[in-house]
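Here are the chains, one letter per residue:
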Amino acid sequence: MSLPRAYRSWWTPAVKMGVSIAVAVGLYGISFGALGVAAGLSVWQACALSALMFTGGSQFAFIGVMSGGGTLGAATLAASLLGVRNAVYGVQITALLRPSRTTRPLMAHLTIDESTATALAQPDAQEQRRGFWTAGVGVWLLWNLFTLVGAMLGERIGEPTAWGLDGAAVAAFLGLLWPRLVGRDARTIAVASAFVTLIAAPVVPAGIPIIIAAGVSGALAVLQHRSAR
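Residues numbered from 1 in each chain as written. Predicted model: local features only at pLDDT ≥ 70, side-chain atom pairs only at ≥ 80, totals over all residues. Heavy atoms only, no water.

## Comments concerning unusual backbone geometry
Residues other than glycine predominantly adopt negative phi, and peptide bonds predominantly adopt the trans conformation.
Then comes step 1: Backbone geometry at F54 places phi at a positive 50°, although glycine is not the residue there.
Then comes step 2: Assignment of secondary structure puts F54 in the loop between helix 4 (43–52) and helix 5 (56–67).
Then comes step 3: Given the relative accessible area of 3%, F54 is considered buried.
Then comes step 4: Phi is positive for R98, close to 50°, though the residue is something other than glycine.
Then comes step 5: Following the sequence through the fold, R98 ends up in the loop between helix 6 (72–97) and helix 7 (104–110). (Helix = DSSP H or I, 4+ residues; strand = E, 2+ residues; numbered from the N terminus. Buried < 20%, exposed > 50% of the residue type's maximum accessible area, 1.4 Å probe, protein only.)

## Brief notes about the confidence of the model for the protein
As a general rule, the predicted coordinates of low-pLDDT regions are not to be interpreted in detail.
Then comes step 1: Per-residue confidence for the protein averages 81 on the pLDDT scale, and 84% of its residues sit at or above 70.
Then comes step 2: The secondary-structure element of the protein with the lowest mean pLDDT is helix 10 (residues 165–177), recorded at 58, while helix 4 shows the highest, at 94. (pLDDT = per-residue confidence, 0-100.)

## Here we look at the packing of helix 3 (residues 29–38) against helix 5
Then comes step 1: Orientation of helix 3 relative to helix 5, taken along the N-to-C sense of each, is 20°, at an axis distance of 10 Å. Judged by the inter-axis angle, helix 3 sits roughly parallel to helix 5. In this structure, helix 3 meets helix 5 at a crossing whose hand is left-handed. Each of S31, F32, L35 and G36 in helix 3 lies in contact with helix 5, whose residues at this interface are Q59, F60 and I63.
Then comes step 2: Tallied by class, residues from the contact of helix 3 with helix 5 come to four nonpolar, three polar and no charged. (Axes fitted to C-alpha atoms, helices over the stretch in contact; angles between N-to-C directions. Parallel < 35°, antiparallel > 145°, perpendicular 65-115°, else oblique. Left-handed = near helix turned anticlockwise from the far one by under 90°. Contact = heavy atoms within 4.5 Å. Nonpolar A, V, L, I, M, F, W, Y, C, P; charged D, E, K, R; others polar.)

## Things to note about the pattern of salt bridges
Then comes step 1: One pass over the full model with this rule turns up one salt bridge.
Then comes step 2: In this structure, E127 and R130 form a salt bridge, with 3.0 Å as the shortest nitrogen-oxygen distance. Here the residue E127 and the residue R130 both occupy positions in helix 9 (residues 125–157), the gap between them amounting to three residues, near one helical turn.
Then comes step 3: Look at E127 and you get buried, because its relative accessible area is 8%.
Then comes step 4: According to the relative accessible area criterion, R130 is partly exposed, its value standing at 28%. (Salt bridge = Lys/Arg side-chain N within 4 Å of Asp/Glu carboxyl O.)

## Some thoughts on the side chain of Q122
Then comes step 1: With respect to the secondary-structure elements, Q122 resides in the loop between helix 8 (113–120) and helix 9.
Then comes step 2: Note on Q122: relative accessible area 8%, which makes it buried.
Then comes step 3: Apart from residues lying up to four places away in sequence, Q122 is in contact with A14, M17, E127 and Q128.

## As for the nonpolar core
Then comes step 1: Formed by 31 residues in total, the largest nonpolar core has its most connected members in I63, F132, V139 and W143.
Then comes step 2: Mapped onto this core, the elements with two or more residues apiece are helix 2 (13–27), helix 3, helix 4, helix 5, helix 6, helix 7 and helix 9.
Then comes step 3: No other element matches the six residues that helix 6 contributes to this core.
Then comes step 4: The residues contacting F132, other than those within four sequence positions of it, are I93, L97, M107, L110, T111, S115 and A119. (Core = buried A, V, L, I, M, F, W, Y, C linked by side-chain atoms within 4.5 Å.)

## So, helix 11 (residues 184–200)
Then comes step 1: Compared with the 24 Å implied by 1.5 Å per residue over 17 residues, the 24 Å span of helix 11 between its first and last C-alpha is a close match.
Then comes step 2: Regarding helix 11, the residues found buried are I189, S193 and A200. Here the buried residues of helix 11 occupy an arc of 30° about the axis, which is enough to place them on one side. Within helix 11, the exposed residues directed more than 90 degrees away from the buried face are R184, V191, F195, L198 and I199. (Expected span 1.5 Å × (residues − 1). Arc of directions from axis to C-beta.)

## Remarks on the packing of aromatic side chains
Then comes step 1: In the structure shown here, the tally under the stated rule is four aromatic pairs.
Then comes step 2: Taking the centre distance of 6.2 Å and the plane angle of 25° together, the rings of F32 and W143 count as stacked. Separated by 111 residues along the polypeptide, F32 in helix 3 and W143 in helix 9 bring together distant segments of the chain.
Then comes step 3: Accessibility expressed as a relative area gives 0% for F32, which makes it buried. (Phe/Tyr/Trp six-rings, centres within 6.5 Å; stacked < 30°, edge-to-face > 60°.)

## Some remarks on a nonpolar patch on the surface
Then comes step 1: Nonpolar side chains collect at one region of the surface, where V19, V23 and L27 lie side by side and expose about 210 Å² of accessible area between them.
Then comes step 2: Checked against the element boundaries, V19 lands in helix 2. (Patch = residues over 30% accessible without salt bridge, like charges linked within 9 Å, V, L, I, M, F, W, Y side chains within 5 Å. Areas by Shrake-Rupley, 256 points an atom, 1.4 Å probe, with all protein chains shown as cover.)

This is how it looks when you write it as structure tokens:
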């Protein structure tokens, strides 16, 4: 049985892609909610972090530093360094979709890995807009819903170390990082940053090694770019 014409015109490939990505990524919010509570956040603090920060890598970095005993300043700086990539995405999305002044603040908040990738994968401007908004709004809604679910579950688990949640933030962050290690340059930066982190961890306060590693990765990226030129 064929679908009604109005439904077919709305349910485009960009919308399908955006919805599938939103469901897959949104479910992952359960782990962030549980890990946030394990790191010492309240349910509503974890939910506020998802709603306002809304970038998975930065959020996991934040609670990873906090759960390791780092200061709020170190956690915020680590999260901010990882959020720099969203500024690059913002430049791409602005050039691609040319948002109006009224929609630009909302689009900036929804500019994440998933919404950018969905938009860039589409063949024409109309589908690019559909893909961006479907993925961006869909991920935001489901990520926040499942953050709440995970935080409420985490609050009822009890002692987080008994369930291994004290180390799960690191594992979750590695899960986000691993698919991006494509190519020799990316792997070189990852290995160098990991080595520096291992050296620095025993001698500097918690949260500082990730900042040092970010500095090393940035310097290596600049050197690789100059070498390529």
